[in-house]
Structures are given as structure tokens and as C-alpha cells.
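So the chains spell out like this:
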Amino acid sequence: MEGVQLYSRLLRPVLFRLGSGDPEVAHHRTIDALRLFGAAPGASTLRGLVAVDAPRTVFGLRFPNPVGLAAGMDKNGVALPGWAALGFGHVEVGTVTWHPQPGNPKPRLYRLPASGALINRMGFNNDGARALAARLRTAARLPMPLGISIGKSKITPVADAVADYRSSLAELYPYGDYFAVNVSSPNTPGLRGLQDRGLLDELLGELTREAARLAYGGTPKPVLVKIAPDLDDAAIGEVIEVCAARSVAGIIATNTTLARDGLAPEDVATGAQAGGLSGRPLTRRALDVVAFVHRESAGRLPIIGVGGIAAPEDALRMLDAGASLVQVYTGFIYGGPGLVRGISRAARATGAAPGDR
Ligand SMILES: Cc1cc2nc3c(=O)[nH]c(=O)nc-3n(C[C@H](O)[C@H](O)[C@H](O)COP(=O)(O)O)c2cc1C
């Protein structure tokens, strides 16, 4: 049986039945299992067996293959060797906030299986930047780059957002290879407003200055911004201009959507839940945003493409549209670890890395 089938026929049914009412239980069990598995002696040997080499250099970092784990899966960075063992080419931990916070009341995660989708309104449940820094301080070196996604604490007013993000960046700076500024989660009131030109310019200006200060005259670590798929072309154009003006290293496109297009009839009722929709209904929009950013930036801004990648072909389309790297979340939940290998193989088979920059 191929890896994807092994997962979808055997493991996924068991996982999906865990805590039958609440998919978040399956999520925590998976992370726990990966944490234990990653700490086991054979884990790094497994990476040697399953990881596919399709290397590329993007914003100055060398990635062993183009497939990353998207933010939100391992918010607290507890299972890093586990993700490495599964063959990922990078992992983005977080989103973390300066203040530890519990997130929204449960239930806050819903499966829409007929649509290959999820709806979540987690609300940045995380241990906080200081706890993540303490964990990473003693973590073993990873065989692939580590991204750290930072967001605004719920208790911090939008007017004080810049200082809140800056504190997280400063605390975590020694431990990340790149930093993702999350201004696109739909589940923190006011957060998406930080994508507006003036606020974004102030926020990214401050964070890139802080990264330069923390680099002590060396090359600052890359700071990227993650955008929502619900921005229109004009707004995305403004984000690109701000990125160019503020030496932002790249754009991660996209986060979850507030739209509810493309749901299977069986999922329309669940689709009424508040939160961000991810997975297959997002595939087309995320691809269009990636293509738009690539075109508008004349190919000068590296892009990490994310949203609705459920099969290797989806990833290849993202790479063709101008992404240098891709990330998966929902497709990984439904497709399992075989997806990571499948995409890396497909990317390798297409030859040179077109997104290298
Ligand atoms: C349960 C869940 C939690 C998420 N949490 C975060 C997060 O903390 N930070 C973030 O930038 N994106 C978060 N995301 C968005 C994903 O990183 C990704 O951008 C989005 O789900 C689209 O990709 P996908 O269709 O492959 O899932 C989350 C997604 C899900 C489903």
C-alpha cells in the first residue's frame, strides 16, 4: 500500500474517531505521538529514509525540499524532531503571542470531510513567546530551517500591537531562521486591520529595524508577512509596496478565508460555524493570490504558497505560479505524511528549482 493510502485507510479513521465529538482531541493526540516519536532513537534514521532531497535556496536559507509545515499545527514547537522525521523541508511554529493565552472557548475546530476542509477559530491558543524561547533554547539542531510565526496577544489593544510583536521577535530572534508576521488570522479581533497600508508600514518598519538591530551589523534574519486570501488586488498591491519599502524578505500566501464558497452540500451546515476555512475550497484562491503577488512584484519577492494543497499537483501549480516554497496544513490532516514525500518527489522530478532566488 502506498504511504497516502496507508494513512487514509488505516491511521486516519482511528485518529478521526478519537474523542469522537471534538477534532481538537485528535490534533493533540497526533502532536503528543509525534513528540514521543521524535524523541525515539530511530527518528533521525527515518528522516534519512523518507525525506526527499529537492533543495533550494530562498531568502538566503537553504531548504532541503520545498514542503513546509504551515503555522498553527505545532503552535508551541513541541514536536520538532517528529516533523523532521516525517521529511518536512521546513517547519513554521506558532503563531505565538507575547502573552500566553488560552484561545477561544471549545469547540473551535470543525471537520468538513466531504469538502476536504476545516473551519477553525482557535484564537492563538499558545504558551507565549517566552515559553517557546525556553523550549527552543534547549532543543536539538534541526536538519531544516525553522520559521517562527508571531501574532498579537488578544489582551493587547491594536494601538499597542507594534510593541507586542516587537517583544516576541526580540525574545525569539536567536532561535528562528525566519520570522512570519501574522496579520491575517480571522480569529483575533482587529488583527486583519494590521494589513492596512499605514499600520502595516509602521509594524513591518519596526520589526525589520528590530531584526537589523538584533543582527548587530550582520545580515538580519528574514522577516516575512502572511496575508489573508480575502484581500482584494488593490490591497495586496499595497502590501507588496510596503514589503519593498521595508525590506521584507517575502510573503506567505495565504491564511484561512472567511468566504464559504465551494463547500459540498453535506458540509453547508457546518460551514455556518464562525472561523477561517482551509483546505480544498481555498485551493483556487490561494493559487490566484500567489500568481498575483508574483506578477505584481515582478518576481522579486519570494513567496511561500499555502492554502488548499491536497495533492502534489496542487503544489506544482503553486510553484509554477511563482512560489519558491509551499506549506501544508489541512491537506496533511486528510492526506497524512505521504503528501510531504509526494510533493517533494514531484518537485524534484520537475528538475531545477524555478523558485530559487
Ligand atoms: C486549526 C488551524 C490552526 C491554524 N493556526 C494558524 C496560526 O496560528 N497561524 C497562522 O499563520 N496560520 C494558522 N492557520 C492557517 C494555516 O497555516 C494555513 O495558512 C491555512 O490553513 C491554509 O492552508 P491549508 O489549506 O493547507 O490548511 C491555521 C489553520 C488551521 C486549520
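Now for a quick tour of the structure. Keep in mind it's a predicted model, so treat the numbers as computed, not measured.

A look at the overall build of the protein chain
Helices and strands together make up the secondary structure of the protein chain, namely 12 helices and 13 strands. In summary, the protein chain has a C-alpha radius of gyration of 19 Å against a globular reference of 21 Å for 357 residues, a match within 12%. Taking the principal axes of the C-alpha coordinates as reference, the protein chain spans close to 50 × 45 × 40 Å. Relative to its full complement of 357 residues, the protein chain shows a buried share of 57%. Across the protein chain, every contact between residues at least 6 apart in sequence was considered, and the portion connecting residues at least 24 apart equals 73%. For the protein chain, the computed accessible surface area is about 14,400 Å², with 56% contributed by carbon and sulfur atoms. Between the mean site of the 38 positive side-chain charges and the mean site of the 31 negative ones, the protein chain shows a separation of 6 Å.

So, the nonpolar core
Residues W83, F88, I148, Y165, L172 and I251 are the most contacted members of the largest nonpolar core, which totals 80 residues. Not counting residues within four places of it along the chain, the set of residues in contact with F88 comprises R47, N65, V67, G68, L69, W83, M144, V328, F332 and V340. Core analysis: the next-biggest nonpolar cluster, separate from the first, contains 13 residues, V58, L61, A70 and V306 among them.

Quick look at the site of the ligand
Around the ligand sit 22 residues, and of these A71, T95, G279, G308 and T330 come closest. Within the contact set of the ligand, an oxygen atom lies 3.1 Å away from a side-chain nitrogen or oxygen of N182. Here an oxygen atom of the ligand and a backbone polar atom of T254 are 3.0 Å apart. The protein chains hide 98% of the 600 Å² of surface that the ligand would expose on its own. Secondary structure elements with two or more residues in the shell around the ligand: β6 (117-120) and β11 (276-279). Among the residues forming the shell around the ligand, the class breakdown is eight nonpolar, 12 polar and two charged.

Describing the environment of V289
Mapped onto the elements, V289 comes out in helix α9 (residues 283-296). In sequence terms V289 and M318 are 29 residues apart; their C-alpha atoms lie 9.9 Å from each other.

As for empty space enclosed by the protein
Applying the stated rule across the entire model yields two cavities of 30 Å³ or more. Approximately 50 Å³ is the volume found for the largest cavity. Classifying every residue of the lining of the largest cavity gives three nonpolar, five polar and one charged. Approximately 30 Å³ is the volume attributed to the second largest cavity. Forming the walls of the second largest cavity are T283, L287, G307, G308, I309, D314, R317 and M318. Put simply, the parts of the chain that give the lining of the second largest cavity at least two residues each are α9 and α10 (312-320).

What about the sheet that holds strand β5 (residues 109-112)?
Read from one edge to the other, the open sheet built from three strands follows the order β5-β6-β11, with strand pairing classed as antiparallel. Edge positions in the sheet fall to β5 and β11, since each has one partner strand and no second. Direction aside, the axes of adjacent strands within the sheet are offset by 20 degrees on average.

Here's the deal with the packing of α10 against helix α12 (residues 338-349)
Contact geometry for α10 and α12: axes closest at 9 Å, N-to-C directions at 45 degrees. Accordingly, the angle class assigned to the pair α10 and α12 is oblique. The way α10 lies across α12 gives a crossing that is right-handed. Between α10 and α12, the contacting residues are P312, A315, L316 and L319 on the first element and L339, G342, I343, A346 and A347 on the second. Of the residues assigned to the contact of α10 with α12, the class counts are eight nonpolar, one polar and no charged.

Conventions and cut-offs
- Counting starts from 1 at the beginning of each chain's written sequence and moves along it residue by residue.
- In keeping with the predicted nature of the model, local features appear solely for residues at pLDDT of at least 70, side-chain atom pairs appear and are counted solely at 80 or more, and the whole-chain, interface and lining totals rest on all residues.
- Only hydrogens and water are set aside when side-chain values are computed; all heavy atoms of the structure are taken into account.
- The way it works is that DSSP assigns letters per residue, a run of H or I at least four long becomes a helix, a run of E at least two long becomes a strand, and they are numbered from the N terminus.
- As a reference, a globule follows 2.2 Å times the number of residues to the power 0.38, and the radius of gyration itself is taken over C-alpha atoms.
- Burial classes follow relative accessibility: with a 1.4 Å probe on protein chains only, a residue under 20% of its type's maximum area counts as buried, one over 50% as exposed, and anything between as partly exposed.
- Contacts between residues were defined by any pair of non-hydrogen atoms, one from each residue, lying within 4.5 Å.
- Calculation of accessible area relied on Shrake-Rupley with a 1.4 Å probe; when residues are assessed, cover is drawn exclusively from the protein chains displayed.
- Under the convention used here, Asp and Glu are negative, Lys and Arg are positive, and both His and the chain ends fall outside the count.
- Note on charges: their place is set at NZ of Lys, CZ of Arg, CG of Asp or CD of Glu.
- Only buried Ala, Val, Leu, Ile, Met, Phe, Trp, Tyr and Cys residues count toward a nonpolar core, and they belong to the same one when joined by side-chain atoms within 4.5 Å.
- The near set for a molecule or strand comprises every residue that places at least one heavy atom within 4 Å of it.
- Polar contacts, as used here, are pairs of N or O atoms within 3.5 Å; protein pairs need one atom able to donate a hydrogen and one able to accept it. Residues neighboring in sequence count only if both atoms are side-chain atoms.
- Asp, Glu, Lys and Arg are counted as charged, while Ala, Val, Leu, Ile, Met, Phe, Trp, Tyr, Cys and Pro are counted as nonpolar; the rest, among them Gly, fall into the polar class.
- Cavity and pocket criteria rest on a 1 Å grid covering protein atoms alone: a 1.4 Å probe that fits but cannot get out defines a cavity, protein on both sides within 12 Å along at least 5 of 7 lines defines an open pocket, and an atom within 4 Å of a point defines a lining residue.
- Grid points are joined across faces, edges and corners, and a volume is the space filled by probe spheres set on the points.
- Paired strands, as defined in this entry, are two strands with at least two bridges between them according to DSSP.
- Inter-axis angles, ranging from 0 to 180 degrees, are taken between N-to-C directions of lines fitted to C-alpha atoms, where helices are fitted over the stretch in contact.
- In these notes the angle categories are as follows: under 35 degrees is roughly parallel, over 145 is roughly antiparallel, 65 to 115 is roughly perpendicular, and the rest is oblique.
- Crossing chirality is assigned from the near helix's rotation relative to the far helix, an anticlockwise turn below a right angle marking it left-handed and a clockwise turn marking it right-handed.

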